[in-house]
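Summary of the model geometry
One letter stands for each residue in the lines below.
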Amino acid sequence: MDAIQKTLLEKIAGLHDVPQGAYNIRANGKLDSRKTTDNIDIVTKEDKPGIDIIIKPGTKNESVHIPVLLSETGLHDLVYNDFYIGEGADVTIVAGCGIHNGGKEESAHDGIHSFHLAKNAKLKYIEKHYGEGDGEGKNLMNPTTVVELDEGAHMEMETSQIKGIDSTLRKTTATLGARASLVIHESIMTHGMQSATTDFSVSLNGEDSNANVVSRSVAKGKSRQLFLSCIDGNNRCAGHTECDAIIMDEASVSAVPKITANDVNASLIHEAAIGKIAGEQLMKLMTLGLSEKEAEEKIVDGFLK
Amino acid sequence: MLELKNISFSADGEEKKEILKDITLSIDESFVAITGPNGGGKSTLAKLVAGIYTPTTGQILYNGVDITNMSITDRARLGVSFAFQQPVRFKGITVKDLITIAAGKKIGVSEACVYLSEVGLCAREYINREINASLSGGELKRIEIATILARGTKLSIFDEPEAGIDLWSFNNLIAVFENMRKTLGGSIIIISHQERILNIAERIIVLNGGSVERDGSRDEILPYILKSGGAACSTLTEKAVK
């Protein structure tokens, strides 16, 4: 791994070196390094690019890191990663993609992640996206996430895209079995001419399943954001979707929450709010000695935290 | 020393309403209360000093420096603190974040906790809470006061600090102000309707209809307020009747 790749790794995974536990590092479209454990196996797919991550039933307190690093300009990377979390396991998976584009050409990473959680499995999934580069080439990322939660399974998903991605289309679909629960926290910040679209689609199929989809975003400059969130309640279930956005400068933000109840015992709520930073928030922080710009940064940082 | 010279302020709008009319005051006492009926111009006066509003005419001096056209930030850095009547909520900013910003330097959890304990909040419970809708009005008011304590500046202005604070905590609040007065060695200006706060003030200023109606020592002004039948401050007279 070179210096640029190490910086990217730190940005997306907070790692200074190879992580603890199982990992699979992919750099510039190829496998860089991999480590498996007794309970966690990582296998390269034979029919298409990507890996299968297989976690044995009952595995507790283990983690898997699967960072993807792109430092060559003009590279279009596409991977299919499948995660199989065994019955009763309780694990953390940290994924992320860092692009350093120093050239003139477009760099892109499209990841298709499928999660299969067996009965009563628990997963915390953290995904960070980051782009940088001194060249003119654009950084594109289009992650697709497919989630299948079996009876009693629980998944918490935290995704963030804070800097440097010119265009993104994030698509997440989830189906939940009985008593399964899903919590999604997304944070996005766009600036310049960037555009970001996120599209959530959650089907609450099982009895007493529940989902909470929360998105916080900040749009600066002339950037554009579109937030789509669709929850279908097909059984006795509870669903909540919330989009909260701060708009600045000449940006544009659309929020389109959609909830559909197909069962009389489905309880669904959607909330969406878009607005600029409240003047009184700036004023309060200024009375504490911050400049207007510093106050703005504090408010944005806190909001996306 | 805070000096207001011929301060007038009119609110923007189709009909210009004069909220403050030619106010001249100089404040050097350690504890001054400003009282008077609602709409009398008290909050406006405080906001003019903090820099949230700029006077239509007149001049504001702080320790001899003309701060009339100075920004909120510059006044804050010069040593002016202002506790809002209605504290602001922030999504994602925690109590510790806000107290750290107020202190103007990195502070440890234990130091932040001291300020919270002083305003009667169990620090452990609050330090990592977000300053969002989950906090009650009374809790927000106390955190607001804690930020002023953390700043520790020579001039602190409180806009109705008692509003929303339960009676049980009120005694502690009085103790907080008395303690501040001892340790800070500057001026505390409190806008208040509470007799017990007026009772600990050295000087009381009554603002009514945008003008100073009365101004003098507590012994001089308090009996006047308590006697006057609703003209000066109905809240106080109601209390006095009881």
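Parameters and conventions
- Throughout, residues of each chain are indexed from 1 in the direction in which the sequence is written.
- The naming scheme follows written order: chains are lettered A onward, ligands numbered 1 onward.
- In keeping with the predicted nature of the model, local features appear solely for residues at pLDDT of at least 70, side-chain atom pairs appear and are counted solely at 80 or more, and the whole-chain, interface and lining totals rest on all residues.
- The side-chain numbers reported here are obtained from all heavy atoms of the structure, hydrogens and water having been left aside.
- Helix and strand assignments follow DSSP, with helices taken as H or I runs no shorter than four residues and strands as E runs no shorter than two, numbered in order from the N terminus.
- In this description the radius of gyration comes from C-alpha coordinates, and the expected globular size is given by 2.2 Å times residues to the power 0.38.
- Only protein chains enter the accessibility calculation, which uses a 1.4 Å probe; a residue is then buried when its area is under 20% of its type maximum, exposed when over 50%, and partly exposed in between.
- When checking whether two residues touch, look at their non-hydrogen atoms; a contact exists if any pair is within 4.5 Å.
- For the accessible areas, the method is Shrake-Rupley and the probe is 1.4 Å, while residue cover comes only from the protein chains on display.
- When charges are counted, Lys and Arg are positive and Asp and Glu negative, with His and the chain ends excluded.
- Just so you know, the charge point we use is NZ for Lys, CZ for Arg, CG for Asp and CD for Glu.
- Note on method: axes are straight lines fitted to C-alpha atoms, helices fitted across the in-contact stretch only, with angles between N-to-C directions ranging 0 to 180 degrees.
- Angles below 35 degrees are treated as roughly parallel, those above 145 as roughly antiparallel, those between 65 and 115 as roughly perpendicular, and all remaining angles as oblique.
- In this classification, Asp, Glu, Lys and Arg are treated as charged, Ala, Val, Leu, Ile, Met, Phe, Trp, Tyr, Cys and Pro as nonpolar, and every other residue, Gly included, as polar.
- When DSSP finds two or more bridges between two strands, those strands count as paired.

Quick look at the overall build of chain A now. A count of helical and extended segments in chain A gives three helices and 20 strands. Here the C-alpha atoms of chain A give a radius of gyration of 20 Å, agreeing with the 19 Å that 2.2 N^0.38 yields for 305 residues. Its C-alpha atoms give chain A principal-axis dimensions of about 55 × 55 × 35 Å. Burial statistics for chain A: of 305 residues in total, 51% are counted as buried. A separation threshold of at least 6 residues defines the contact pool for chain A, and within that pool the share at least 24 residues apart is 79%. Accessible surface, chain A as shown: approximately 13,000 Å² in total, 47% of it carbon and sulfur. For chain A, the separation between the mean place of its 31 positive charges and that of its 45 negative charges on side chains is 2 Å.

Moving on to the packing of helix H3 (residues 95-103) of chain B against helix H4 (residues 109-118) of chain B. Residues and elements named next belong to chain B. The contact between H3 and H4 brings their axes to 10 Å, and the two run at 90°. With respect to each other, H3 and H4 are oriented roughly perpendicular. Between H3 and H4, the residues in contact are Val-95, Lys-96 and Ile-99 and Val-109, Ala-112, Tyr-115 and Leu-116, respectively. When the residues that make up the contact of H3 with H4 are grouped by side-chain class, the tally is six nonpolar, no polar and one charged.

All names here are of chain A. In spatial order, the strands read S2-S1-S5-S7-S9-S12-S14-S16-S18-S20; together these ten strands make up an open sheet with mixed pairing. Edge strands, defined here as strands with exactly one partner in the open sheet, are strand S2 (30-35) and strand S20 (266-275). Strand-to-strand twist across the sheet, computed as the mean angle between neighbouring axes with direction ignored, equals 5°. Where strand S9 (residues 122-132) and strand S12 (residues 154-163) come together, nine bridges link them in parallel fashion. Following the sheet pairing, Tyr-130 is matched in S12 by Lys-163. Helix-sheet contacts for helix H1 (residues 3-13) involve strand S1 (22-27), strand S5 (60-70), strand S7 (90-100) and S9, and the interaxial angle to S5 is about 135°. Together, S12, strand S14 (181-190), strand S16 (209-219) and strand S18 (237-247) form the strand contacts of helix H3 (residues 292-304), whose direction differs from that of S16 by roughly 160°.

So yeah, pure geometry; function would need other evidence.
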